[in-house]
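Working through the structure, step by step
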Amino acid sequence: MIDAHYLTAQAQAHRLRDEFWHLLCHRSELPASGDYLKLDWLGQEVVVFNDHGELVVFDNLCPHRGTRFFTDSHGNAPLTCPYHGWSYRAGAMHIPCRERYAQADLARATLHTLQIDWCADFLFAAPAPRMALEDQLGGTYNLLADVSFNIAGRSDLNARDFACDWRVALENALEPLHVPFVHPESLAQLQLGDGVNTFTPWTSIWHAELGNSAMIKKLRSVKRLFALDSQYEGYQSVYLFPFTMLSSTFSYSYSLQHFFPAAQPGRTHFSSRLLNGATRPASAAALQGFFDASAHMNRQVFAEDQAICERIAPGAIDDERFATLALDEEKIGHFRSCLQTALAV
Ligand code: FES
Ligand SMILES: [Fe+2]
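Residues numbered from 1 in each chain as written. Chains lettered and ligands numbered in written order. Predicted model: local features only at pLDDT ≥ 70, side-chain atom pairs only at ≥ 80, totals over all residues. Heavy atoms only, no water.

An unreviewed UniProt entry lists the protein chain under the name Anthranilate 1,2-dioxygenase large subunit, from Duganella phyllosphaerae. Of the comments in the UniProt record for the protein chain, the one headed Cofactor (unreviewed entry) reads "Fe cation". Per UniProt, the protein chain has the following entry under Sequence similarities (unreviewed entry): "Belongs to the bacterial ring-hydroxylating dioxygenase alpha subunit family." (UniProt positions renumbered as here; feature names shortened; annotations may be inferred.)

Here is the structure:
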């Protein structure tokens with residue numbers, strides 16, 4: 001049974017999706033015409049499609065009778081509907097047997113696109129944003145732009161549903177307090193320090209040093225293989241309200257994570273994509289093993305996160321009894337106040 005509380009939480013999630021900007025992808029993930037990427041949020045889909053070099057973001061629905069264009073999460077294909085052959089290319093709909101449709105209907109036959117904006121090479125989209133992208137990103141704008149210049153492609157896409165509220169999954173990603181307990185063989189190996197949190201109205205950033213000196217030595221030894229624009233020699237985790245995290249060790253690769261609410265209450269469409277740091281031309285092959293190992297490690301970390309998130313009681317997220325936060329959980333406090341502010345207007 002779905003109670004009124006859940007309906008409210010779902011309605012709130014719709015507002016957050018519709019009224020805020022979301023970092024959907026990096027330009028280098030869709031380099032060729034026909035490349036696409038499909039994400040799911042709240043029972044709808046959002047597709048980024050490379051139309052002859054222009055990135056278009058739309059709802060994946062054919063404007064004729066609502067057939068989904070794409071069913072895979074990513075790939076390369078023409079934007080052509082398999083039902084009656086309508087297609088979109090070079091910015092226009094192409095409709096077979098045009099004369100069989102009323103002129104007025106054809107005038108309305110356009111893709112349902114979202115608004116887009118760029119922060120350097122990061123593409124953001126929003127159905128009806130309440131503020132400019134620069135205002136939402138605030139002081140994090142320049143850092144993100146610098147990060148975007150480090151990235152040269154994608155090497156992994158890991159999508160899995162978490163059987164928990166999206167806020168539970170996100171709050172878990174916002175605090176390092178659980179790392180030694182939940183990730184003893186994976187993330188905890190970095191021996192992350194206390195680090196420093198930085199806050200803007202709609203973003204938060206955690207910078208932490210690594211404590212594992214053998215690991216630091218190993219990471220420094222591959223630096224010459226990369227062609228990075230900027231580097232942070234530590235662990236950096238950027239949170240973008242409401243649904244997105246971007247984290248990195250030594251700026252060699254970035255894990256772009258989405259915690260999208262699902263249509264079904266108490267479920268999260270989680271995905272993480274590994275975005276590669278730019279490498280020197282001669283070292284791409286040498287680094288393949290490094291990127292594969294990073295992807296493998298990230299998958300293990302997220303499986304561990306999923307297991308612990310699914311152990312949290314469904315009602316706990318909205319119960320004052322369970323709102324005790326340690327200092328290391330300061331970013332959760334910031335997230336909760338963002339939520340309040342966002343939903344108060
Ligand atoms: S539904 Fe797509 S062409 Fe008819
Ligand atoms: Fe975790």
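Remarks on the side chain of aspartate 51
Topologically, aspartate 51 is positioned in strand β3 (residues 44-51). Buried within the structure, aspartate 51 lacks any salt-bridge partner; its nearest side chain of opposite charge belongs to arginine 89, at an N-O separation of 7.8 Å. Side-chain polar atoms of aspartate 51 contact the side chain of histidine 52, separated by 3.1 Å. Excluding its chain neighbours within four sequence positions, the residues that come into contact with aspartate 51 are Ser33, Val56, Tyr88, Arg89, Ala90 and Gly91. (Helix = DSSP H or I, 4+ residues; strand = E, 2+ residues; numbered from the N terminus. Buried < 20%, exposed > 50% of the residue type's maximum accessible area, 1.4 Å probe, protein only. Lys, Arg positive; Asp, Glu negative; His and termini not counted. Salt bridge = Lys/Arg side-chain N within 4 Å of Asp/Glu carboxyl O. Polar contact = N/O pair within 3.5 Å; in protein donor to acceptor, adjacent residues only side chain to side chain. Contact = heavy atoms within 4.5 Å.)

Some thoughts on the coordination of the iron ion (ligand 2)
Distances from the iron ion (ligand 2) to its protein donors, namely His178 (NE2), His183 (NE2), Asp305 (OD) and Asp305 (OD), fall within the range 2.0 to 2.8 Å. Taken together, the four donor atoms coordinating the iron ion (ligand 2) and their angles of 52 to 149° define a geometry best described as irregular. Sequence spacing of the donor residues for the iron ion (ligand 2), all on one chain, is H-x4-H-x121-D. Pair noted here: histidine 183 is in the loop between α6 (179-182) and β12 (196-200) and aspartate 305 is in helix α8 (residues 284-309), with a separation of 122 residues, a long-range link. (Donors = N, O, S within 2.8 Å, 3.2 Å for Na, K, Ca; no water. Tetrahedral: all angles 85-135°; square planar, octahedral: opposite > 155°, others 65-115°.)

A look at the nonpolar core
Formed by 42 residues in total, the largest nonpolar core has its most connected members in Leu16, Val48, Val57, Trp166, Leu170, Phe241 and Phe335. Ignoring anything within four residues of it in the chain, the contact list for valine 57 reads Leu24, Val46, Val47, Val48, His112, Thr113, Leu114, Ile116, Leu123 and Ala125. Residues Trp21, Phe124, Ala126 and Val238 belong to the second largest nonpolar core, which totals 19 residues. (Core = buried A, V, L, I, M, F, W, Y, C linked by side-chain atoms within 4.5 Å.)

As for the environment of phenylalanine 259
Mapped onto the fold, phenylalanine 259 is located in strand β16 (residues 253-261). If we skip the residues at most four places from it in the chain, phenylalanine 259 touches Trp166, Ala169, Leu170, Ala173, Phe243, Met245, Thr268, His269 and Phe270.

Considerations on helix α9 (residues 330-344)
A rise of 1.5 Å per residue sets the reference length of α9, with its 15 residues, at 21 Å; its end C-alpha atoms lie 21 Å apart and thus fit the reference within 8%. Of the positions making up α9, those classed as buried are Lys331, Ile332, His334, Phe335, Cys338, Leu339 and Ala342. Take α9 and look down its axis: the buried residues cluster within an arc of 155°, on one side only. Turned more than 90 degrees away from the buried face of α9 sit Gln340 and Ala344, all of them exposed. (Expected span 1.5 Å × (residues − 1). Arc of directions from axis to C-beta.)

Looking at the sheet that holds strand β4 (residues 54-58)
Spatially, four strands are ordered β4-β3-β2-β5 in an open sheet, and the strand pairing comes out antiparallel. For this open sheet the edge positions go to β4 and β5 (74-76), each flanked by a neighbour on one side alone. Neighbour to neighbour, the strand axes of the sheet diverge by 20° on average, direction disregarded. Taken together, the three bridges between strand β2 (residues 35-41) and β5 define a ladder with antiparallel strand orientation. Of the residues in β5, the one forming a bridge with aspartate 35 is asparagine 76. (Pairing = 2+ DSSP bridges. Axes fitted to C-alpha atoms, helices over the stretch in contact; angles between N-to-C directions.)

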